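Examination of the molecular architecture
This is what each chain is made of:
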Amino acid sequence: MSTRALRRLRGKQRGQEALDLGDLTLGDSPEKQVDEEEEEEQQLDVANVSPPANKKDSSRKSKKNKAQKSLGNIYELICDVDNEAEDPHLDEEAAKTDRNTTSGLEKDDNIDVDKPDQKLQEASAKSSGNQVKKKKKKKKTKASPEEGLRTVPDDNIDLLLENLEQPNGLSLQSENCGGSDRRSVLHVEHRNLNPETELKKYFGARAVLGDQRPRHRNRQFQSSNWMTAPKDSWPRHSRPGLSMTLLQSQDGIQYFTFEHSRDYQQLQFKFLDAVESMDPNNIVALLQLNPYHIDSLLQLSDVFRIQENQEMARDLIERALYSLECAFHPLFSLTSGTSRLDYLRPENRAFYLALYKHMIFLEKRGCPRTALEYCKLILSLDPDSDPLCMLLIIDFLMLRTREYQALLQLYQDWEEHRNLSQLPNFAFSTALSHFHLSKQEDMDPEESDKQRQKADLMLQNALIMFPGVLMPLLDLCSVQPDAAVTSHSFFGPKSQIGQSLALAELTALYVGRTYNVWREAGVMLWLEQSVREVLRRVDAKDPLVEDYQNKRKQRYQSAPRNIHRHVLLCEIKEAISSLPLEVTNQPVMSFDPLPPLDSVISYAQPERQPVGASNESTLSLFFRSLLGISGKSDYWLDSGINRLKSLLSIG
């Protein structure tokens, strides 16, 4: 059939319409549309080859026809939105119109500023001609930030400044978020609170985890904890009545406190009665009914630790930390350094003690980096009063983790208001840090010489200020000193006998804790050279020797209560033997050693009739063993612990 016959047939069908709408018809014949599309393709092909000016002239000539055909497909504007974004010519026109609107001046007389409706119609008409071709093209990738900066007009300075500030905004904010230098040194990271993170660095993930797989099917709810993760062997946790509240917020510092509910207070009274009864069976029975009572977990953990059951003792401490973490306030932060807990409140002391004992277990387990994070955490809870005196151990953990620069930064920041140089541990540890920094291979020779000179001078001053450290240190390191050193009055027995009890307590604590870091051959050779130089200065009657001697007599008359508390918790025999009689003669409870004299009591135990204890039982011998005092017989202690293990059916 010919095309004329088809046209006649279609003309008959069109002739049945009553009205002639003319240019407002919804669509022309398919053949006419095909012919016009072919003409448009030819025009566009010519426009692509010809210069941009010819393209604009051709687009202006066919603008009227395209405007009429733009209404042919009612979905045309919707379907070609992506094609409009992909058309580079449309992007050029949009950039030019944007330049005209921002500057307010027409820089090109050939550019027509049309209305938005006409632009949409023109864009739809162009896209309809190239619809088949553009479907075969791949989508362009997003423009890089540099290309985005290039497309911004030069006249619009505000847009340029915004684009320049966007990539640098996060970096500047991240650099300034640390605050002061002191806060950056004591910064705590969440990932370093998990000991598995450190063990994986040493032994690998497969050696640490093994064939263990996380089993969450049996648990209906898995809470996210930073300090400890709940174990399958633990009893199901139910809130025992322990909570945390926000007391006040002042100068960016938030003060929190733990609170005990009515039921937990009654449970605490039962625990105190069990301790006073000197019967461990009462504590075991209390813990069986309430497996997440904090003080009971701390008490029994010490019992298992004395019996050298480290695994069970550590498990009880982790269970106590898990229960405490479940009671945290939503605003309480472990890493910000702005959350405070007052040690004067008895409800907060269990958290301090649990963190400290967990830190000691981590250090003995071979995780000094994780232990250092917990040390920073304890210190950040109350840095002013430092109730557990963490400044006596933080230098040792930094030396273990080789954080020499951080130790020197801490010493520099805190020396002015805390007088860290008056503590034997900082006097010797800072000198040792300078020595290790001078031995680093990546350091310049000049800087290495400066570090070595500082190390020599600081070690000599430390030996002149604290001469009683040398002989016990060499004894624990199994080093026989020279006859010139032992026979000299400055380092002889007179130096140890003449020092006060407070100074003897500090020196014994430092030597008993850090003697292992002095055992290296290079360190011992450096120490020997410094001792000879000190003897030369003493014989030459250096005025600094007499000055430091007067300072030793005036200071160190009595140690504060937090240092005694730290010595009791560290359990170093030489340091415990140096405690004054006023500390050793009073009863010491392991769940609350040496409570502050000005404690803030929120609730008190009701009065009851005193129960006399005629015979010493397990707990009394246990308390005596904490102070280094021998009991009457070890049989009662061993039998009591064996009976305790048989009755303890937890974990």
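Remember, predicted model here, so these are calculated numbers, not experimental data. (Residues numbered from 1 in each chain as written. Predicted model: local features only at pLDDT ≥ 70, side-chain atom pairs only at ≥ 80, totals over all residues. Heavy atoms only, no water.)

1. Regarding the overall build of the protein
For clarity, the cut-off: Think of it this way: any DSSP run of H or I at least four residues long counts as a helix, any run of E at least two long counts as a strand, and we number them from the N terminus. Accessibility here uses a 1.4 Å probe with only protein chains present; expressed as a share of the type maximum, an area under 20% marks a residue as buried, one over 50% as exposed, and anything in between as partly exposed. By definition in these notes, contact holds between two residues if any of their heavy atoms fall within 4.5 Å.
Helix and strand content of the protein: 35 helices and 3 strands. Expressed as a percentage of its 651 residues, the buried residues of the protein come to 41%. Partitioning the intrachain contacts of the protein with sequence separation of at least 6 by distance along the chain shows that 72% fall at a separation of at least 24.

2. Some thoughts on the packing of aromatic side chains
Heads up, the condition is: Aromatic rings from Phe, Tyr and Trp, taking only the six-membered ring of Trp, are treated as a pair when their centres fall within 6.5 Å; an angle between ring planes under 30 degrees marks them as stacked, one over 60 as edge-to-face, and anything in between as tilted. Two conditions define a charge located above a ring, namely a distance within 6 Å from the ring centre to NZ of Lys or CZ of Arg, and an angle within 35 degrees of the ring normal.
All told, the structure shown has 18 aromatic pairs when counted by the stated rule. Each member of the aromatic cluster is reached from another via a ring pair, and the members are Phe256, Phe258, Phe328, Phe332 and Phe351. We note Arg349 situated over the ring of Tyr343; from NZ or CZ to the ring centre the distance is 5.7 Å.

3. Topic: the packing of helix H23 (residues 424-438) against helix H28 (residues 501-514)
Rules: Axes here mean lines fitted to C-alpha atoms, for a helix over just the part in contact, with angles spanning 0 to 180 degrees between N-to-C directions. Any angle between 65 and 115 degrees counts as roughly perpendicular, while under 35 counts as roughly parallel, over 145 as roughly antiparallel, and the rest as oblique. Gly is placed with the polar residues, together with every amino acid not listed as nonpolar (Ala, Val, Leu, Ile, Met, Phe, Trp, Tyr, Cys and Pro) or charged (Asp, Glu, Lys and Arg).
Close contact between H23 and H28 brings their axes to 9 Å; oriented N to C, the two are set at 40°. What the angle tells us is that H23 and H28 run oblique. On the side of H23, the interface is formed by Pro424, Asn425, Phe428 and Ser429, while H28 contributes Leu503, Leu506, Thr507 and Tyr510. Partitioned by chemical class, the residues of the contact of H23 with H28 number 5 nonpolar, 3 polar and no charged.

4. A word on a negative patch on the surface
Put simply, the rule reads: A residue counts toward a patch only above 30% relative accessible area and without a salt bridge, and it is joined to like-charged neighbours within 9 Å or, for Val, Leu, Ile, Met, Phe, Trp and Tyr, to nonpolar neighbours within 5 Å. With residues, only the protein chains shown are counted as cover, and all accessible areas are computed by Shrake-Rupley using a 1.4 Å probe. Basic side-chain nitrogens of Lys or Arg form a salt bridge, by our definition, when they fall within 4 Å of a carboxyl oxygen of Asp or Glu. When charges are counted, neither His nor the chain ends are considered; positive counts come from Lys and Arg and negative counts from Asp and Glu. Working definition for charges: the position is that of NZ of Lys, CZ of Arg, CG of Asp or CD of Glu.
Taken together, the side chains of Glu441, Asp442, Asp444, Glu446, Glu447 and Asp449 make up a negatively charged region of the molecular surface. Overall, Glu441 belongs to the exposed group, its relative accessible area being 82%.

5. Some words on the nonpolar core
Basically, it comes down to this: We define the nonpolar core as a collection of buried residues of types Ala, Val, Leu, Ile, Met, Phe, Trp, Tyr and Cys that are connected through side-chain atoms lying within 4.5 Å of one another.
In this structure, Phe351, Ile394, Trp518 and Leu527 are the most contacted members of the largest nonpolar core, which totals 131 residues. Per element, the largest residue contribution to this core is 10 residues, and it comes from helix H19 (residues 346-365). Leaving out residues up to four positions away in the same chain, Trp518 has contacts with Phe428, Leu432, Leu459, Leu473, Cys477, Tyr510, Val523, Met524, Trp526 and Leu527.

6. Some words on H28
Note: α-helices contain 3.6 residues per turn, so residues at a spacing of three or four share the same orientation. Stated precisely, the cut-off is as follows: Expected helix span is given by 1.5 Å per residue-to-residue step, counting one fewer step than there are residues.
Counted at 1.5 Å a residue, the expected span for H28 with its 14 residues is 20 Å, and the 20 Å between its end C-alpha atoms agrees. Residues of H28 that are buried include every one of Ala502, Leu503, Ala504, Glu505, Leu506, Thr507, Ala508, Leu509, Tyr510, Val511, Arg513 and Thr514, and no others.

7. Focus: the pairing of strand S2 (residues 253-260)
Here is the rule: DSSP-based pairing: two strands are paired if at least 2 bridges between them are found.
Counting buried positions along S2 yields 6 of 8 residues, so the element is predominantly enclosed. The antiparallel hairpin formed by strand S1 (residues 242-250) and S2 contains 2 residues in its connecting segment, where Asp251 sits at a positive phi of about 55°. Here S2 pairs with strand S3 (residues 339-341) via 3 bridges, running parallel. Note that in S3 the partner of Phe256 across the bridge is Leu341.

8. A few points about helix H31 (residues 561-570)
Of all 10 residues that make up H31, 9 are buried, and the element is covered over most of its length. For H31, the full list of buried residues reads Asn562, Ile563, His564, Arg565, His566, Val567, Leu568, Leu569 and Cys570. The elements touched by buried residues of H31 are H19, H28, helix H32 (573-576) and helix H33 (581-584). Glu571 sits one or two positions beyond H31 and adopts a positive phi of about 60°.

9. Notes on the environment of Leu527
Structurally, Leu527 can be placed in helix H29 (residues 521-539). Taking the C-alpha atoms as reference, Leu527 lies 9.8 Å from Leu463; in sequence the two are 64 residues apart. Leave out the neighbours within four places in its chain, and Leu527 touches Leu459, Leu463, Leu470, Leu473, Leu474 and Trp518.

10. Considerations on the confidence of the model for the protein
The cut-off we apply is this: What pLDDT conveys is the predictor's confidence in a given residue, as a value from 0 to 100.
Mean pLDDT over the protein works out to 74, with 62% of the residues at or above the 70 mark. In this model residues 123-155 is a low-confidence stretch, pLDDT under 50, and it forms 34 contacts with partners more than four residues away in sequence or in other chains. Per-residue pLDDT stays below 50 along residues 621-640; that stretch engages in 35 contacts with residues further than four places along the chain or on separate chains.

11. Quick look at the packing of helix H16 (residues 280-289) against helix H17 (residues 294-306)
Test applied: The crossing is said to be left-handed when, going from far helix to near helix, the turn is anticlockwise and less than a right angle, and right-handed when the turn is clockwise.
It is the contact of H16 with H17, at a shortest axis distance of 10 Å, that shows an interaxial angle of 130°. Relative to H17, the element H16 lies oblique. Our pair here, H16 against H17, has a crossing hand that is left-handed. In this structure, H16 contributes Ile283, Leu286 and Leu287 to the contact, and H17 contributes Ser296, Leu297, Gln299 and Leu300. Its residues assigned to classes, the contact of H16 with H17 shows 5 nonpolar, 2 polar and no charged.

12. Focus: the side chain of Glu318
Take Glu318: it is sitting in helix H18 (residues 310-326). We classify Glu318 as buried; its relative accessible area is 11%. In this view, Glu318 contacts Thr228, Lys231, Trp234 and His358; residues no more than four positions away in its chain are not counted.

13. As for the sheet that holds S3
The 3 strands lie next to each other as S1-S2-S3, forming an open sheet whose pairing is mixed. The sheet is open, and its two borders are formed by S1 and S3, each paired with just one other strand. Each strand axis lies, on average, 35° off the axis of its neighbour in the sheet, ignoring direction. Inspection of the sheet shows S1 paired to S2 by 8 bridges, in the antiparallel sense. Residue pairing for S2: Leu246 is matched across the bridge by Phe256. In the packing of H19 onto the sheet, the strands contacted are S2 and S3, and the crossing angle to S2 comes to about 100°.

14. Some remarks on the pattern of salt bridges
Inspection of every chain in the model, using the stated rule, returns 16 salt bridges. The salt bridge partner of Glu189 is Arg191, with a shortest N-O separation of 3.3 Å. Since its relative accessible area comes to 28%, Glu189 is described here as partly exposed. What makes Arg191 partly exposed here is its relative accessible area of 49%. With a shortest N-O distance of 2.9 Å, Asp542 and Arg537 are connected by a salt bridge. Salt bridges sharing common partners tie together Lys231, Asp315, Glu318 and Arg319.

15. Quick notes on the environment of Ala406
Relative to the helices and strands, Ala406 resides in helix H22 (residues 404-418). Separated by 11 residues in the primary sequence, Ala406 and Asp395 have C-alpha atoms spaced 9.6 Å apart.

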